[in-house]
Amino acid sequence: MTIAEASRVRTKQIVPKWLIVFGVVSIVSMAVYGVARVFVPILQSRGVLPGAPPVVVTAPVEAIDAVRTVEASGALEAAQQVDLFWKTTGTVQAVLVKVGDSVVAGQELMLLDPLTAPQSLLAAKAELISAQTTQDALLNPTAMQIAKAKQALAAALENLRTMERRSKSVAKPNVSYYEKALRDADFALLKAQQNTEAVDLSTSGSAKNSVDAAVDNEKKAQERLIAVQKGLGGCGYTPNPAFKRLNTVTVGGRTYSVNGDLSLSLVTDAESLRDPDAKCDPARRVTVDGVAQTEQEALDSYNGARDRTRQAQIAYSQSGMTNTMALDKAQEARDDAARYLKIAQEDPNQLDMQVAEANLLEAQARVGDAEEKLGELVNGAPQSDLDAADARVLAAQATLNGLAVRAPFAGTVLALNYMAGDTAGPATAAVRLADLSSLHIEVFVDETEVTRVKAGQPVVISFDALPDSKAVGKVMEIARFGTTVQGLVRYSTLVKLQDAMQALALGMTGNVKIETEVLKGALAVPVDSVKFDAEGEYVMLKTAGGGEDKRVAIKTGLLQGDQILVTGDLKAGDTVIVYDAKPTESGSPFGGR
C-alpha cells in the first residue's frame with residue numbers, strides 16, 4: 001500500500017461521512033434562515049406574501065424646551081497665577097510657607113540673609129533713613145527751624161531796605177567819589193613808575209655785576225670741560241650746531257632767553273632748549289689748571305656755573321618784569337577810573353542805576369525766598385516737595401523689598417523652588433502662587449459657531465477626571481481675533497467657573513457646553529420616527545379611529561437625546577409611528593423609498 005492510500009484510509013477512519021453531510025446541511029439551513037429574516041418581512045409588507053400583521057410602535061409629538069449648545073474642551077486654569085522671582089542675589093535665610101498654604105496679599109513668603117545681599121541693598125537702608133528724615137522734616141518742622149527762617153526773613157528785609165535807599169540816590173550820582181578814585185589811581189600810577197625807575201638804577205649796579213660774574217664763571221667752567229673732553233684719549237667734544245646754550249627765564253607761562261645785553265627774547269623753538277648728549281669715558285681723568293677731573297666732574301662744575309648764571313639772570317629779569325607788570329596794572333586802573341568819572345559826569349544815572357537795579361532785584365528775590373521757606377514751615381510744604389519725599393521713601397523701600405519674596409495677592413502656594421541655605425538668584429522662580437477661588441477654562445470655538453456665543457451665557461462643564469461631577473459657569477469674554485489651527489479658524493473663549501469643586505485641580509481637562517439658545521415649546525419626535533424618501537424627510541401620522549396613516553413632510557433640527565426637533569404640519573399630542581432603525585433596500589436607517 002502506498003503512502004497516499006494509507007493517508008486516505010486514515011482520513012476515512014477519522015471523519016465519518018454522516019458528519020460531513022450534517023455540517024453541509026447546517027450551513028445551508030442557516031443561510032436560508034438569514035435570507036428569510038431579511039426578505040420575508042419586506043415581501044409581507046408589500047403584500048407579496050401573506051403573514052401576521054406587523055406590530056406598530058407609536059410615540060406622541062411632544063413640546064419641549066430645547067437647548068442649543070456649543071461644545072469645546074480646555075484645561076482648567078487659575079484666573080490669577082504668577083511665578084515670583086528674587087530681585088537680587090544672596091543666601092535664603094528662611095522659607096516661611098509650605099506648598100498648599102493660603103496666604104494674604106503682602107505676606108512674606110521667603111527671606112534673604114541681609115549679610116549676603118549686594119552692597120546696594122545696604123546703601124538703600126541708609127537712603128531710606130535719609131528719605132524718611134527729609135519727609136519728617138517737611139511734615140513736622142521744629143521750633144528751631146521756624147526761628148531760623150524768621151531770622152533769615154528779617155535779614156532779607158533789612159537788606160531790601162538798604163537797596164531801596166541806594167536806588168533812590170541813583171538820581172544824584174556822587175561825582176566827587178569818582179573824582180577821588182581817579183586821583184588815587186593817578187597817585188598809584190606815579191608810584192609804580194618811580195618803583196620801576198628805582199629798580200632799573202639798582203640793577204645797573206650790583207645785580208648787573210652779579211650777572212656778569214656768573215657769566216664769566218660759566219665760560220671758564222665750559223672751557224675746562226672742553227679741555228677735559230679733548231684730553232680723554234681722542235674723545236673730543238663736538239658741539240651740536242643746532243643747539244644754542246641759552247640762559248632762560250620763565251614769566252607768565254612763557255620762556256624768554258637772556259641776551260648778551262640782558263634784554264629778553266621770547267623762545268618759540270623748543271629744540272633750542274634741549275641740551276645735546278655728548279659724553280666720554282666717565283672713568284678717565286684729565287688734569288686741567290692743576291686739577292684732575294673726569295668728564296662727569298667737569299660737566300657737573302659747568303652745570304653748576306650755568307645754573308648760577310641762570311639764577312642771577314632770573315633775579316635780574318624778574319625784578320624788572322615785576323615792576324613792569326605793576327606799572328601796567330596801575331595804568332589800567334587809572335584808565336578805568338577816568339572812564340567811570342566820565343560816565344558819571346555825562347550821564348549820572350547810567351552806572352549807578354544798573355548796579356542799584358540789580359542789587360534791588362536780588363534783595364527782593366531773597367525776601368521772596370525767605371517768605372516762601374517760612375510759609376512752608378508754618379503752613380506746610382508744597383505738595384510737589386511732599387510727593388518728591390514720598391517717592392524717595394518708596395524707591396528706597398522698593399530696593400529693600402528685594403530681601404524678601406512677598407505675595408502680590410491672596411492665594412494658594414503651588415510650588416517652592418528654594419530651601420533655607422540655598423543660593424538665590426533672579427533666574428529661577430522662588431514661589432508659584434495662584435488664586436484658586438477664581439478658576440476658568442480657555443476654549444477655542446470654531447468660526448462657524450462663535451457668532452452664537454455671547455458673554456454671560458450659562459455653561460455646563462464636565463471633567464474627564466471626575467465623570468460623575470459637573471460644574472456650572474458662564475462665558476466671560478470672546479477674543480476679537482481668531483487663531484488658525486490646522487487650517488481652521490478658532491476664537492479663544494474664556495469660561496469662568498461659578499462654584500469651584502474641592503476635588504478640582506489645575507490642568508484638568510474640562511468639557512464645556514455653552515448654552516447659546518433655549519427654544520421654548522419646540523416640537524420633538526423620536527429619532528426613529530423620521531424617514532426619508534425622494535421628496536424629503538417625513539413622519540407617518542397615526543390617524544385616530546383606525547383610518548389610513550398620513551404622510552407629513554417635516555424638517556429636522558437639533559438632536560435632544562433620543563429625540564429630534566421638527567417643524568411641519570404637526571402639533572403637540574399627535575401620534576407618529578416609530579420604526580426600528582434597520583436596513584432597507586434604500587439603505588436608509590429610516591426606511592422609505
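Residues numbered from 1 in each chain as written. Predicted model: local features only at pLDDT ≥ 70, side-chain atom pairs only at ≥ 80, totals over all residues. Heavy atoms only, no water.

Peer 1: Any chance you could explain the overall build of the chain here in plain terms?
Peer 2: Within the chain, the secondary structure is distributed over eight helices and 26 strands. With 593 residues in all, the chain has 28% of them scored as buried. Restricting to contacts in the chain with at least 6 residues of sequence separation, those with at least 24 account for 74%. By element, 56% of the accessible surface of the chain is carried by carbon and sulfur atoms, the whole surface being about 36900 Å². (Helix = DSSP H or I, 4+ residues; strand = E, 2+ residues; numbered from the N terminus. Buried < 20%, exposed > 50% of the residue type's maximum accessible area, 1.4 Å probe, protein only. Contact = heavy atoms within 4.5 Å. Areas by Shrake-Rupley, 256 points an atom, 1.4 Å probe, with all protein chains shown as cover.)

Peer 1: Would you mind going over the nonpolar core with me for this structure?
Peer 2: Nonpolar side chains in soluble globular proteins generally cluster together in the buried interior. Counting 23 residues, the largest nonpolar core has Ile441, Ile461, Phe463, Leu497 and Val512 as the members making the most contacts within it. Listed by contribution, the elements that provide at least two residues to this core are strand E2 (62-78), strand E16 (439-446), strand E17 (458-463), strand E18 (466-478), strand E20 (488-497) and strand E21 (509-526). Among residues more than four places away in sequence, those in contact with Ile461 are Ile441, Ser469, Lys470, Ala471, Val495, Leu497, Gly510, Asn511 and Val512. (Core = buried A, V, L, I, M, F, W, Y, C linked by side-chain atoms within 4.5 Å.)

Peer 1: Hey, could you run me through the pattern of salt bridges in this one?
Peer 2: Side-chain pairing between opposite charges can occur once the charged atoms of the two side chains come close. Here the structure, examined in full by the defined rule, presents 16 salt bridges. Its salt-bridge partner being Lys220, residue Asp216 comes within 3.6 Å of it at the nearest N-O pair. Note that Asp216 and Lys220 are positioned in helix H5 (residues 175-230) at a spacing of four residues, about one turn of the helix. We classify Asp216 as partly exposed; its relative accessible area is 39%. Across the salt bridge formed by Asp574 and Lys571, the nearest N and O atoms sit 3.2 Å from each other. Connected through shared salt-bridge partners, Asp533, Glu535 and Arg551 make up one network. (Salt bridge = Lys/Arg side-chain N within 4 Å of Asp/Glu carboxyl O.)

Peer 1: Explanation requested: the packing of aromatic side chains in the structure shown.
Peer 2: Aromatic rings in a pair are described by how distant their centres are and how their planes are angled relative to each other. In total, this model carries one aromatic pair according to the counting rule given. Between Trp86 and Tyr418, the aromatic rings sit 6.4 Å apart at their centres with planes inclined by 80 degrees, giving edge-to-face as the arrangement. One end of the pair, Trp86, is in the loop between strand E3 (81-85) and strand E4 (90-95); the other, Tyr418, is in the loop between strand E13 (411-416) and strand E14 (423-424), with 332 residues separating them in the sequence. Using a relative accessible area of 2% as the deciding quantity, one classes Trp86 as buried. When the ring centre of Tyr579 is taken as reference, the NZ or CZ atom of Lys531 above it lies at 4.1 Å. (Phe/Tyr/Trp six-rings, centres within 6.5 Å; stacked < 30°, edge-to-face > 60°. Lys NZ or Arg CZ within 6 Å of the ring centre and 35° of its normal.)

Peer 1: Honestly, a nonpolar patch on the surface in this entry has me stumped. Any pointers?
Peer 2: A surface patch of nonpolar side chains, amounting to about 260 Å² of accessible area, comprises Ile20, Val24 and Val28. Position of Val24 among the secondary structure elements: in helix H2 (residues 17-45). (Patch = residues over 30% accessible without salt bridge, like charges linked within 9 Å, V, L, I, M, F, W, Y side chains within 5 Å.)

Peer 1: Sorry, what's going on with the environment of Leu558 here?
Peer 2: Following the sequence through the fold, Leu558 ends up in strand E24 (residues 550-560). Under the relative-accessibility criterion, Leu558 is labelled partly exposed at 21%. Sequence-distant contacts of Leu558, that is, excluding residues within four places in its chain, are made with Val67, Arg68, Leu519, Gln563, Ile564 and Leu565.

Peer 1: Could you clarify how one ought to interpret the sheet that holds strand E6 (residues 108-112) in this entry?
Peer 2: The strands making up a sheet associate through hydrogen bonds between their backbones, and the pairing can be parallel or antiparallel. Taken in spatial order, the four strands of this open sheet run E12-E6-E4-E14, and their pairing is antiparallel. Bordering the open sheet on either side are strand E12 (404-406) and E14, each of which pairs with just one other strand. With three bridges joining them, E4 and E6 adopt antiparallel strand pairing. Bridge assignment links Val92 to a residue of E6, and that residue is Leu112. (Pairing = 2+ DSSP bridges.)

Peer 1: Help me understand the pairing of E18 in this model?
Peer 2: Moving residue by residue along a regular strand, the side chains alternate between the two faces of the sheet. Taken together, the six bridges between E17 and E18 define a ladder with antiparallel strand orientation. The residue bridging Val460 from the neighbouring strand is Val472, located in E18. Hairpin connection of E17 to E18: two residues between the antiparallel strands. One ladder, built from five bridges, connects E18 with E20; its direction is antiparallel. Paired with Glu477 across the bridge in E20 is Leu494.

Peer 1: Could you clarify how one ought to interpret the environment of Asp464 in this entry?
Peer 2: In this fold, Asp464 is placed in the loop between E17 and E18. Put simply, Asp464 and Thr509 are 45 residues apart on the chain and 6.2 Å apart in space, counted from C-alpha to C-alpha. Setting aside its immediate chain neighbours within four residues, Asp464 contacts Thr509 and Asn511.

Peer 1: I tried to follow the sheet that holds E13 on my own but got confused; where do I start?
Peer 2: Strand order in the open sheet formed by four strands is E3-E15-E13-E5, and the pairing between neighbours is antiparallel. Of all the strands in the sheet, just E3 and strand E5 (102-103) have a single pairing partner and so form its edges. Pairing of E13 with strand E15 (residues 429-434) involves four bridges; the strand directions are antiparallel. Residue pairing across strands places Thr412 opposite Ala434, the latter belonging to E15.

Peer 1: Looking at this structure, I do not really get unusual backbone geometry. What am I missing?
Peer 2: Glycine aside, a negative phi is what most residues show, and trans is what most peptide bonds show. Phi is positive for Gln486, close to 55 degrees, though the residue is something other than glycine. Looking at where Gln486 falls in the secondary structure, it is placed in the loop between strand E19 (483-485) and E20. Exposure remark for Gln486: the relative accessible area of 81% places this residue in the exposed category.

Peer 1: Just to check I follow, could you spell out the environment of Gln296 for this structure?
Peer 2: Assignment of secondary structure puts Gln296 in helix H6 (residues 295-346). For Gln296, a relative accessible area of 35% gives the class partly exposed. Expressed as a C-alpha distance, the spacing of Gln296 and Val228, which sit 68 residues apart in the sequence, is 9.7 Å.

Peer 1: Which parts of the structure should I look at to understand the confidence of the model for the chain?
Peer 2: The predicted structure's coordinates, where accompanied by low pLDDT, should not be read in detail. Averaged over all residues, the pLDDT of the chain equals 75, while 65% of them reach at least 70. Considering each helix and strand of the chain separately, the mean pLDDT is smallest for helix H1 (residues 3-14), with a value of 48, and largest for E20, with 93. For the stretch residues 236-243, pLDDT sits under 50, and the model shows twelve contacts to residues farther than four places along the chain or on other chains. The model gives residues 583-593 a pLDDT under 50, and that stretch makes 22 contacts with residues more than four places away or in other chains. (pLDDT = per-residue confidence, 0-100.)

Peer 1: Mind showing me how you'd approach the side chain of Ser529 here?
Peer 2: With respect to the helices and strands, the residue Ser529 is situated in the loop between E21 and strand E22 (531-533). At 2.6 Å, the side chain of Ser529 forms a polar contact with the backbone oxygen of Pro526. Apart from residues no more than four positions distant in its own chain, Ser529 is found in contact with Tyr538, Val539, Val576, Ile577 and Val578. (Polar contact = N/O pair within 3.5 Å; in protein donor to acceptor, adjacent residues only side chain to side chain.)

Peer 1: I tried to follow the side chain of Asp533 on my own but got confused; where do I start?
Peer 2: Topologically, Asp533 is positioned in strand E22. For Asp533, the side chain forms a polar contact with the side chain of Arg551, separated by 2.9 Å.

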